[in-house]
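Working through the structure, step by step
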Amino acid sequence: MKVRKMWLESGCRAMLMCCFALAACCLAGCQKATSPEQPASSDKPKVEVISATKDPNSIFTKAGFKDWPKPAAVLALTGEMHGYIEPCGCSDPQFGGIAHRASLFNQLREKEWPLAAFDLGGTLKNSRRQSEFKFQALLAALRDMKYSGLQIGVEELRLGAAFLVSQDVPPDDDKPNEGLRILGANIVLFGSADLPIPVRHQVIPVGDIKVGVTGVFGDSMKEKLGTVDAGEVAFTDPVAAIQKALTAIDEQKPELRVLISHGTLEESRKLAEKFPAFNLVISTDIVEEPTTENPEQLGNTLLVKTGHKGKFVAVIGYYPDEPKQKYRFDLVKLDGERFKNDAKMVAHMQFYQDLLKDSKLAEQELPIKHSSGDKFVGAEKCGECHTKALAKWNESKHSHAFESLKTGRLGISRIYDPECICCHTVGWSAPDVLRYDGGFVNAEKTAHLKGVQCENCHGPGSKHIELIEQDKKDEANKLMRVSVDQARKKFLCESCHDLDNSPAFKFDDYWPKIAHPGKD
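The sections below set out a description of the structure shown in this document. Just so you know, these numbers come straight off a predicted model, no measurement behind them. (Residues numbered from 1 in each chain as written. Predicted model: local features only at pLDDT ≥ 70, side-chain atom pairs only at ≥ 80, totals over all residues. Heavy atoms only, no water.)

Before going further, it helps to examine the pattern of salt bridges. Considering all chains together, one arrives at 23 salt bridges under this definition. One salt bridge connects K309 with E288, and the closest N-O pair in it is separated by 3.2 Å. With K309 in the loop between β13 (301–305) and β14 (312–318) and E288 in the loop between β11 (280–283) and β12 (296–298), this pair connects stretches of sequence that are 21 residues apart. Judged by its relative accessible area of 26%, E288 is partly exposed. One salt bridge connects D335 with R338, and the closest N-O pair in it is separated by 2.7 Å. For the residue pair D335 and R338, the accessibility class agrees, reading buried in each case. (Salt bridge = Lys/Arg side-chain N within 4 Å of Asp/Glu carboxyl O. Helix = DSSP H or I, 4+ residues; strand = E, 2+ residues; numbered from the N terminus. Buried < 20%, exposed > 50% of the residue type's maximum accessible area, 1.4 Å probe, protein only.)

Structure, rendered in structure tokens:
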């Protein structure tokens with residue numbers, strides 16, 4: 001009920017904030033930041049980083065954080081989740097997911113380590129109706145994990161300015177430093193810098209340490225964003241925005257200064273060099289699992305990469321009284337052995353799936369036309385002639401693929417989730433998560449299309465049946481024929497058995513399990 005109440009309250013705030021956003025369109029445009037560049041601190045000690053040894057069993061009992069004395073402050077940094085709020089239930093081993101992440105945070109807080117968390121954005125993969133549901137679920141989860149800031153990135157902006165404004169929850173007057181703030185020092189929505197979102201900077205207490213944070217959207221990211229309505233989204237110069245934010249931050253004399261750079265590594269490096277007053281710069285990266293030096297040390301600044309798809313959390317420990325070891329760092333991989341599923345996160349995931357079901361999302365979104373123009377008929381129809389192939393299919397896991405969604409990794413049914421059913425039913429373009437006209441809708445209306453069937457690889461069968469009935473067997477067989485070599489070269493299986501869902505997939509090992517030679 002607590003989760004449901006949170007979401008309902010968010011909906012009420014959404015209506016109010018949308019009205020506020022529309023009214024703000026009439027306000028004056030943003031004022032360009034022009035404050036002077038912040039000079040580097042002259043008395044900052046040399047930074048030395050100690051990276052904790054990663055241990056497969058525990059973050060405390062063996063290596064990992066065991067060797068860390070209690071930090072004065074801990075920063076947990078994430079980003080570029082790209083929609084992976086949990087690992088796919090098919091993959092083994094399991095890495096990432098908000099339920100594992102919350103478990104890590106719980107363990108750190110149980111040690112009574114003062115913790116603050118920030119995300120550099122890139123939380124989604126697509127920008128469609130399901131993405132809005134997922135973003136709402138994620139924001140509720142981040143608030144439960146007590147995140148302090150989320151930088152606006154490419155994926156967030158694609159949701160639209162009005163939607164973003166509707167998702168903001170202003171802090172309570174008596175608790176101004178608590179709650180999740182949506183950041184973006186050089187982003188202006190609806191032509192007004194006076195909107196409460198995005199926040200230009202924040203200074204929060206982490207234990208007895210003041211941490212000043214600001215974030216910017218890199219110029220290079222505008223190309224990924226594509227065309228946007230200038231009346232809804234505009235950008236100021238990131239350097240000028242940082243200068244202004246840093247000046248305001250320094251008025252509160254923080255011990256730590258953090259820049260969240262939603263830009264390329266090269267952009268982030270240049271900003272770190274231009275603004276040496278920042279202790280930490282958090283940057284996007286082109287690689288999913290950071291393999292290069294991490295963190296990079298640029299003068300007195302640490303440049304941190306967090307990895308993709310929510311698999312990692314970058315953890316920084318701060319020790320102001322240790323001049324030679326002020327920072328300790330570990331990039332924690334969120335495995336299912338050390339990190340159990342947090343109950344609150346499971347509740348958020350359940351409510352997210354309930355939203356997908358109640359909205360009838362899989363059948364409400366407009367379908368696309370299949371390139372063949374033909375219709376799907378289902379495996380039972382194919383089996384009227386191809387009896388041996390049907391018997392082989394009935395023995396395979398493919399025939400039970402839909403049922404496997406009913407008891408997912410968290411015990412939550414996903415039979416109404418387009419991102420799941422696209423690989424577990426007939427009539428979807430899995431890479432795009434788009435339903436073909438006549439494809440699977442739900443178990444009641446299209447029961448004959450449950451599971452991974454003949455037409456997932458051979459294509460819709462209506463034309464084939466029509467040709468057979470016209471006694472054009474050669475033409476009919478040619479239409480549907482897919483050789484083993486064609487399946488391998490066209491990566492038919494890999495459209496679902498990809499590195500995320502089936503990291504151990506090898507075509508030659510899997511093919512014998514479903515091989516069905518011959519036409520009978």
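From this point, things continue past the structure.
Counted by the stated rule, this structure contains 10 aromatic pairs. Relative to Y147, the ring of F105 has its centre 5.7 Å away and its plane inclined at 40°; by these criteria the two rings are tilted. A residue pair is termed long-range when its members are at least 10 positions apart, and F105 in helix α2 (residues 98–110) and Y147 in strand β4 (residues 147–151) qualify at 42 residues. The same class applies to F105 as to Y147, namely buried. Geometry around Y319 places R328 over its ring, the cationic atom sitting 5.3 Å from the centre. The ring of Y510 carries the charged tip of K513 above its face, separated from the ring centre by 4.7 Å. (Phe/Tyr/Trp six-rings, centres within 6.5 Å; stacked < 30°, edge-to-face > 60°. Lys NZ or Arg CZ within 6 Å of the ring centre and 35° of its normal.)

Here we come to the sheet that holds strand β7 (residues 202–206). Taken in spatial order, the 6 strands of this open sheet run β7-β8-β10-β11-β13-β12, and their pairing is mixed. Two strands in the sheet have a free side with no partner beyond their single neighbour: β7 and β12. Mean inter-strand twist for the sheet, computed between neighbouring axes without regard to direction, equals 25°. For β11 and β13, the ladder comprises 4 bridges, and the chain directions are parallel. Across the sheet, residue S283 finds its bridge partner in β13, namely K305. Helix-sheet contacts for helix α7 (residues 238–250) involve β7, β8 (209–217) and β10 (256–262), and the interaxial angle to β8 is about 165°. (Pairing = 2+ DSSP bridges. Axes fitted to C-alpha atoms, helices over the stretch in contact; angles between N-to-C directions. Contact = heavy atoms within 4.5 Å.)

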